[in-house]
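What follows is each chain in one-letter form.
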Amino acid sequence: MTVPATAPTIRPARPEDVPAVVAMVHELADYERAADRCRLTTAQLDTALFGPAPALFGHVAVDDDDQPVGFALWFLNFSTWAGVHGIYLEDLYVRPTHRGTGAGRALLASLAGICVERGYQRLDWWMIDWNPAARFYASIGAGPMTEWVPYRLDGAALRALAAVGVTSATRPDARPGRVPDRGDEA
């Protein structure tokens, strides 16, 4: 692999970048051995980033021809303990031909800069446990949060719980705005 002579430039994603970012999301899914589960389309990402009320944000690493070679897709989270927002990095990816150029570090640095500029206190992400990028993350001072265990509710379980929520919300004896205490029906 020949590493490009110049480091990529980082900038906010533009509508014309969406097809390249979608292609890289699919490359990432393939790398993570989950290509069959990635269904992202150009229309979906375009709406998420540039629709009337975007809740997803993106930055791209571009080469000398302004072509995306890496990306970071992120959204805001909120710490109830600190009382401020943070950034949750959903995906970071650099094409293999541009790894080693500093693109990944520059993408993370741009998000860290947003955090500092806006007073956010943290930048969070998940990483698949076998990803060799763990060494890179450790080199910039990031560490795994081993005391927290991620949970997910999706598919049939998500729909089943939603159905219960609709039923309990329409109970005649339900008191609006009340959260069940210990011992109450959950």
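Note that the structure is a prediction, hence the values are computed from the model and not measured.

The rules behind these values
- Residues numbered from 1 in each chain as written.
- Predicted model: local features only at pLDDT ≥ 70, side-chain atom pairs only at ≥ 80, totals over all residues.
- Heavy atoms only, no water.
- Helix = DSSP H or I, 4+ residues; strand = E, 2+ residues; numbered from the N terminus.
- Buried < 20%, exposed > 50% of the residue type's maximum accessible area, 1.4 Å probe, protein only.
- Patch = residues over 30% accessible without salt bridge, like charges linked within 9 Å, V, L, I, M, F, W, Y side chains within 5 Å.
- Areas by Shrake-Rupley, 256 points an atom, 1.4 Å probe, with all protein chains shown as cover.
- Salt bridge = Lys/Arg side-chain N within 4 Å of Asp/Glu carboxyl O.
- pLDDT = per-residue confidence, 0-100.
- Contact = heavy atoms within 4.5 Å.
- Core = buried A, V, L, I, M, F, W, Y, C linked by side-chain atoms within 4.5 Å.

Before going further, it helps to spend a moment on the environment of Gly119. Relative to the helices and strands, Gly119 is located in the loop between helix 3 (103-118) and strand 5 (123-125). Classification of Gly119 as partly exposed rests on a relative accessible area of 39%. For the pair Gly119 and Val84, spaced 35 residues apart in sequence, the C-alpha separation works out to 7.6 Å.

A contiguous nonpolar patch, built from Leu153, Leu158, Leu161 and Val164 and spanning about 350 Å² of accessible area, is present on the exposed surface. Take Leu158: it is sitting in helix 5 (residues 155-169).

Right, let's talk about the confidence of the model for the protein for a bit. Of the residues in the protein, 86% have a pLDDT of 70 or more, and the chain-wide mean is 87. The low-confidence segment residues 179-186, where pLDDT is below 50, has three contacts with residues more than four positions distant or belonging to other chains.

Quick look at the environment of Leu111 now. Relative to the assigned elements, Leu111 resides in helix 3. It is 9.7 Å that separates the C-alpha atoms of Leu111 and Tyr88, two residues lying 23 residues apart in sequence.

Judged by nonpolar contacts, the single largest core of 17 residues is most densely connected at Val21, Val25, Leu45, Leu49, Val60, Phe71 and Leu73. Those elements that provide at least two residues to this core are helix 1 (18-31), helix 2 (42-50), strand 2 (57-62) and strand 3 (68-79). Counting residues per element, this core draws most heavily on helix 1, at seven residues. Every residue in contact with Val25, bar those within four places of it in the chain, is listed here: Cys38, Leu40, Phe71 and Leu73.

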